[in-house]
Amino acid sequence: MRQIGESFQAPPEFFSSMQSATHVAVLTGSGVSAESGVPTFREAQTGLWAQYDPESLATPEAFRRDPALVWQWYRWRRELIGKAKPNPGHLSLVEMEALIRGYSLITQNVDGLHRLAGSSAVIELHGNIMRTRCTRDGRIIKETSDSSDNLPHCPDCGSLLRPDVVWFGEALPRGSYHEALIAARTCDIFFSIGTSGVVQPAASLALEARATGAIIVEINIDDTPLTQFSDFVFRGTAGNILPSLVNSIKGR
Ligand code: BV8
């Protein structure tokens, strides 16, 4: 494993691997959106939400127990994310997509910032916080005003609506996860960017890629459980490292 700091140039073997790659898969986590002002998932929350652990709120049990509290949390996050703009990390991944013939962008993030940045084939493993769905039949619903209980209900069947995200204990969207697994198993290089590598099954995708001989590249500010399995580790922020990597690839 080659650990490269924020100011060092990537080694030549990194660029030769990129040049010969026919399929690159990228997995992103909340660290990629941190520089857009979106708090990372395990970062302490602020204000009213500082007393809550996101993992305790992002569950069907929490929603059953107190749907108003969970909706308040999601509305707070939606407002924050609504003001967020893609950062140089997101924009560099759009450029990388244009440089590589086969490219898959898999994200655990629910903020939609990759699409907003211009990435095309984004695989959203954990849904999208800006979408709302009916709890009865799962259809995506355009939210109207809240009813008397100050909660959004389906205009067709009256059932409670929920954010269209995957909560802990819920299965990932079958199609998205299958697509991500295929990308991990068929890529030459797998990038893991801005993720603590804790949440399953997303965290296992890098090991799936490694098992089929892919080169593993980690870009993160901290060590993670994946660091020891990575061929190249770029320690620093995605917003700094990705633009310099992509510019170096373009310049070759
Ligand atoms: C499932 C949507 C089965 C909601 C999210 C015990 C062992 C193993 C697994 C489990 C277990 N117990 C339970 C499980 C399963 C569980 C799980 O993995 N739990 C973990 C916590 C142990 N997983 C599930 O429940 C999944 N479902 O397993 O279903 C099943 C099958 C069939 C039928 C029924 C059930 C569902 C998981 C999805 C949960 N939903 N989000 C919402 O957002 O409200 S996950 C949530 O975590 C976000 O999506 C987030 O993206 C994701 C992962 O976190 P990270 O992105 O990694 O964020 P984190 O803050 O942790 O790390 C940020 C990193 O970035 C840090 O390393 C930091 O250093 C770095 N960083 C910060 N700034 C920067 C940076 N890096 C670079 N640049 C920077 N500027």
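Parameters and conventions
- Positions within a chain are numbered from 1, following the residues in the order the chain's sequence is written.
- Selection of residues for local features in this predicted model requires a pLDDT of at least 70, selection of side-chain atom pairs for listing and counting requires 80 or more, and totals for whole chains, interfaces and linings are taken over all residues.
- The basis for every side-chain value is the complete set of heavy atoms in the structure, and neither hydrogens nor water enter the calculation.
- When we say a residue is near a molecule or strand, we mean one of its heavy atoms is within 4 Å of it.
- Pairs of N or O atoms are called polar contacts if they sit within 3.5 Å, as long as, within protein, a hydrogen donor faces a hydrogen acceptor (for residues adjacent in sequence, only side-chain-to-side-chain pairs).
- Each accessible area is a Shrake-Rupley result for a 1.4 Å probe, and residues are judged covered by the shown protein chains and nothing else.
- Gly counts as polar in this scheme, as do all residues outside two lists: the nonpolar Ala, Val, Leu, Ile, Met, Phe, Trp, Tyr, Cys and Pro, and the charged Asp, Glu, Lys and Arg.
- Within this document, salt bridges are pairs made up of a side-chain nitrogen of Lys or Arg and a carboxyl oxygen of Asp or Glu, the two lying within 4 Å of each other.
- Helix and strand definitions follow DSSP, with helices as H or I runs of at least four residues and strands as E runs of at least two, each counted in order from the N terminus.
- In this scheme, a residue with accessible area under 20% of its type's maximum is buried, one over 50% is exposed, and one in between is partly exposed, where area comes from a 1.4 Å probe on protein chains only.
- The rule for pairing is simple: two strands pair if DSSP sees at least two bridges between them.
- For helices, the fitted line uses only the C-alpha atoms of the stretch in contact; every axis is such a line through C-alpha atoms, and the angle between N-to-C directions lies from 0 to 180 degrees.
- A crossover counts as right-handed when, viewed with the strands pointing away from the observer, the path leading from the first strand over the helix to the second turns clockwise.

Undergrad: Explain the site of the ligand to me, please; I cannot follow it from the model alone.
TA: Surveying the vicinity of the ligand reveals 34 residues, the closest of which are Arg42, Tyr74, Arg77, Gly169 and Ser196. A distance of 2.9 Å separates a nitrogen atom of the ligand from a polar backbone atom of Ala238. Across the complex, the protein chains shield 74% of the 1,500 Å² of accessible surface that the ligand would expose by itself. Partitioning the shell around the ligand into residue classes produces 13 nonpolar, 15 polar and six charged.

Undergrad: What should I look at first to understand the pattern of salt bridges in this one?
TA: Oppositely charged side chains can pair when the atoms bearing their charge come close. For the structure on display, the rule yields 14 salt bridges. A salt bridge links Glu61 to Arg64; the nearest nitrogen and oxygen atoms lie 3.7 Å apart. Of this pair, Glu61 and Arg64 are both found in helix α3 (residues 60-65), three residues apart, which corresponds to roughly one turn of the helix. On the basis of relative accessibility, which here comes to 40%, the residue Glu61 falls in the partly exposed class. Across the pair Arg131 and Asp164 runs a salt bridge whose closest N-O atoms are separated by 2.7 Å. In this pair, Arg131 sits in strand β5 (residues 127-134) while Asp164 sits in strand β6 (residues 161-165), placing the two residues 33 residues apart along the sequence. Of the residues examined, Arg131 reaches a relative accessible area of 31% and is grouped as partly exposed. Put simply, Arg115, Glu124, Arg131, Arg133 and Asp164 are held in one network by salt bridges that share partners.

Undergrad: Would you take a moment to explain the sheet that holds strand β3 (residues 102-107) for this structure?
TA: The pairing of strands in a sheet comes from backbone hydrogen bonds and takes either a parallel or an antiparallel form. Strand order in this open sheet of seven strands is β1-β9-β8-β7-β2-β3-β4, and the pairing throughout is parallel. Single-partner strands in this sheet number two, and they are β1 (2-5) and β4 (122-124). The average undirected angle you get between the axes of adjacent strands in this sheet is 15°. Bridge count between β3 and β4: three bridges; the pairing is parallel.

Undergrad: Please clarify how the pairing of strand β8 (residues 215-220) should be interpreted in this entry.
TA: Look at any regular strand and the pattern is simple: side chains alternate between the two faces of the sheet. Of all six residues in β8, five are buried; the element is thus mostly enclosed. Of the strand pairs in this sheet, strand β7 (residues 189-193) and β8 are connected by five bridges, and their pairing is parallel. When the sheet's bridge partners are listed, Ile193 is paired in β8 with Ile219. Crossover connection from β7 via helix α8 (residues 205-211) to parallel β8: handedness right-handed. In this structure, β8 lies alongside strand β9 (residues 232-235), joined through four bridges in parallel fashion. Paired with Glu218 across the strands is Val233, a residue of β9.

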